[in-house]
Amino acid sequence: MIKELDLSKMSRILVVNASSGPGKLAGQVMWGAWAVASYFKTAVKDADVRYLDENNEDDFRGKFEAAVSDRDTVGFSVTSMQIKYTLPLIKYVKEKFPHIRVLVGGAHPMLFPEQDYGPLVDAVISEELPKDKFLYEFLPERVRQAYRTERAQVITGFNCSFKCTFCVNSVRNCRYEPLPIEKICADIDYVVKEFSPKKIYFRDEDFFFDIEKARGVVAHLLELGGGFRWEATSRVTNFKPDKINDELLQRMVRSGCVQVRFGVESGSQRTLNALRKGQTVAHVKNAVAQCVKYGINASCSFIIGIPGETAEDREETYRLISELHAMGPLVEILGPQVYRPYPGGKLFEEVKKYGLEFPSTFEEWSGFYDTNPTGSVFDASPDYPWLSQEENEFLPKVWEVAHYGLNWSCSVNPVKKAIGLWFKRLHWLPRRFGGPDLWLFMFLRKKLLKAGV
Ligand code: B12
Ligand code: SF4
């Protein structure tokens, strides 16, 4: 048992997952906090456990204040980006109810167990709690709604056995952990019965790593006889004769598979090797071609702006993007997004050598993402010392050109298609990542998105 976590002192527990940015991740499942609430509910005798996820509640603050008063323990699940939104809640608890025990756990405490968490935090849990139960009573109504109308999620495995340098798994002593097939099948059955979803996303860092498990899931879906589509994430290296072969691909399609997501990252073999991605450009082309052959959408995500990457490496990425895009409308390009050095990962340690400074206390972390561009996904204008001033300015615009110029150019909507072809000809092909038309388009697009159009 984790020594700081004395279950005998806990009875009325609140588990909180605060926001990670100004926008809410509405409809998303917060697996860590959900696992923790479920664990407390089953491990603590007669426990009264409540669960609040800011992403999925209206009037979160009001509900939080109402829920806190009669608790003896409040546990916060924190990634580094959530500290800013978690710290004010911790301060509220300790000011009003100093007797309540405040726990923090999650990605940040796992990465920084020795950091100074200040006098308000009673226990820092830097280990995983058992994650074998996800009790549906804690699933927020907004997530239930997303399960019914957009897509449901079923977790099929945890972690990954690879050690890509930009990923948290490179500094965690972890291996891929599949969930038992009986458990996955029971979960699928429950989700299908309860939510009648149109689509299921199998949450797994590498769904096909354990091919027997993946085959078991496909067999179960075939037994169920369809009625919904499904999607999953895979490494491209799983597409080989003894794993995802033609026979399995046919079964996948018959069972409703519509999308496989790939972390392609780069078209430069040099960069892939530097990232220790354990894949070749040939693996990427093969996996995407196999998906296209069977009518499965291949979603390919890319990163640029990685320390050590040259303009020629980037050009190789653009060329691979063009080549995959030319395979047809089933290929979706995600990014290329500028590398963001989130804490965790060997590359994060590398970038410190360039002089980037990161906070050393929990309190300091809470202000970090206000001034540091790595916190925001799309609006970031980085100031990375390993990039030139020009690169810092134009690299964040590359995804805009790739998305609108390539994905939109295949759209069935004639307006989107026309805009897409414009961007493809005038921006993507000449590699022109700027200009007044791009600025105006993004300005209008943001306004329309904000207005909900
Ligand atoms: C699935 C996933 C998501 C999902 C769901 C997130 C969630 N909170 O569940 C979505 C897509 C929403 C998501 C979004 C984001 N993610 Co994410 N995500 C992951 C991923 C791949 C798996 C997490 C997971 O589900 N694990 C399974 C659950 C059961 O385990 P767990 O979360 O670790 O929780 C266990 C322990 O931490 C502990 N624990 C957790 N909370 C608590 C609380 C208490 C009180 C206690 C005692 C214990 C405890 O017990 C849990 C059970 O064992 C991880 C990578 C990884 N391998 O961890 C990245 C990861 C967590 N994500 C990350 C990032 C950066 C993001 C985003 C900021 C991305 C973005 N730019 O928008 C957002 C922000 C989300 C947020 N809430 O902060 C980083 C966080 C880095 C950091 N230093 O904090 C990670 C580590 C990936 C990376 N880059 O290296 N993500
Ligand atoms: S990036 Fe993907 S393949 Fe690499 S370690 Fe992380 S989860 Fe595994």
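In this text, all values refer to a predicted model and were calculated from it rather than measured experimentally.

Turning next to the site of ligand 2. Close to ligand 2 lie Cys160, Phe162, Lys163, Cys164, Cys167, Asn169, Glu205, Arg235 and Gly263. Of the residues in the shell around ligand 2, the class split is four nonpolar, two polar and three charged.

Listing the buried residues of helix α15 (residues 414–428) in full gives Gly420, Phe423, Lys424, His427 and Trp428. For α15, the arc enclosing every buried residue in end-on projection is 110°, short of the 170-degree limit, so these residues lie on one face. Away from the buried face of α15 by more than 90 degrees, exposed residues Pro414, Val415 and Arg425 are located. Looking at the packing, one finds that the buried side of α15 touches α14 (389–407) and α16 (436–450).

So, about the sheet that holds strand β4 (residues 101–105). Reading across the sheet, the five strands line up as β2-β1-β3-β4-β5 and stay open at both edges, with parallel pairing between neighbours. Each edge of the open sheet is held by one strand with a lone partner, namely β2 (48–53) and β5 (123–125). On average, adjacent strands in this sheet sit at an angle of 20° to one another, irrespective of strand direction. Summarising the sheet, strand β1 (residues 12–17) and strand β3 (residues 73–77) pair through four bridges and their orientation is parallel. Note on β3: the bridge partner recorded for Val15 is Gly75. The strands touched by helix α2 (residues 60–68) within the sheet are β1, β2 and β3, with β2 carrying the most contacts at an inclination of about 165°. Against the sheet, helix α3 (residues 83–96) contacts β1, β3 and β4, and its axis sits at roughly 170° relative to β3.

Over its 13 residues, helix α1 (residues 31–43) extends 18 Å from the first C-alpha to the last, a length consistent with the 18 Å expected when each residue adds 1.5 Å. Among the structural elements, β1, β2, β3 and β4 are those in contact with the buried residues of α1.

The N-to-C vectors of α14 and α15 enclose an angle of 130°; their axes lie 6 Å apart at closest approach. Overall, the two elements α14 and α15 adopt an arrangement that is oblique. Seen from above, α14 lies across α15 with left-handed handedness. For the pair α14 and α15, the contacting residues are Val401, Ala402, Tyr404, Gly405 and Leu406 in the first and Ile419, Gly420, Phe423, Lys424, His427 and Trp428 in the second.

It is worth spelling out the domain arrangement of the protein at this point. Many authors give the size of an interface as the accessible area that is lost as the parts come together. Under the domain assignment, the protein is made up of domain 1 (7–125), domain 2 (151–353) and domain 3 (388–447). Taken residue by residue, the interface counts 12 residues in domain 2 and 10 residues in domain 3. Residue assignment for the side of domain 2 that touches domain 3 shows that the elements contributing at least two residues are α11 (311–325) and β13 (331–338). The element that contributes the greatest number of residues to the side of domain 2 that touches domain 3 is β13, accounting for six residues.

A cis geometry characterises the amide bond from Gly335 onward to Pro336, with omega recorded as 5°. Relative to the helices and strands, Pro336 is located in strand β13. The phi angle at Asp46 is positive, at roughly 55°, despite the residue not being glycine. Of note, Asp46 is situated in the loop between α1 and β2. Its 5 C-beta neighbours within 10 Å are what place Asp46 among the exposed residues. At Arg276, a residue that is not glycine, the phi angle is positive and equals roughly 55°. The topology assignment puts Arg276 in the loop between α9 (269–274) and α10 (281–293).

This brings us to the environment of Cys257. You can see Cys257 is positioned in strand β11 (residues 257–265). When the 23 C-beta atoms within 10 Å are taken as the criterion, Cys257 is described as buried. On a C-alpha basis, the gap between Cys257 and Glu127 in space is 35 Å, while along the polypeptide they are 130 residues apart.

How each quantity is defined
- Residues numbered from 1 in each chain as written.
- Chains lettered and ligands numbered in written order.
- Predicted model: local features only at pLDDT ≥ 70, side-chain atom pairs only at ≥ 80, totals over all residues.
- Near = placed C-beta within 6 Å.
- Nonpolar A, V, L, I, M, F, W, Y, C, P; charged D, E, K, R; others polar.
- Buried ≥ 20, exposed ≤ 12 C-beta atoms within 10 Å, placed from the backbone.
- Helix = DSSP H or I, 4+ residues; strand = E, 2+ residues; numbered from the N terminus.
- Arc of directions from axis to C-beta.
- Contact = placed C-beta atoms within 7 Å.
- Pairing = 2+ DSSP bridges.
- Axes fitted to C-alpha atoms, helices over the stretch in contact; angles between N-to-C directions.
- Expected span 1.5 Å × (residues − 1).
- Parallel < 35°, antiparallel > 145°, perpendicular 65-115°, else oblique.
- Left-handed = near helix turned anticlockwise from the far one by under 90°.
- Domains from an automatic or database assignment.

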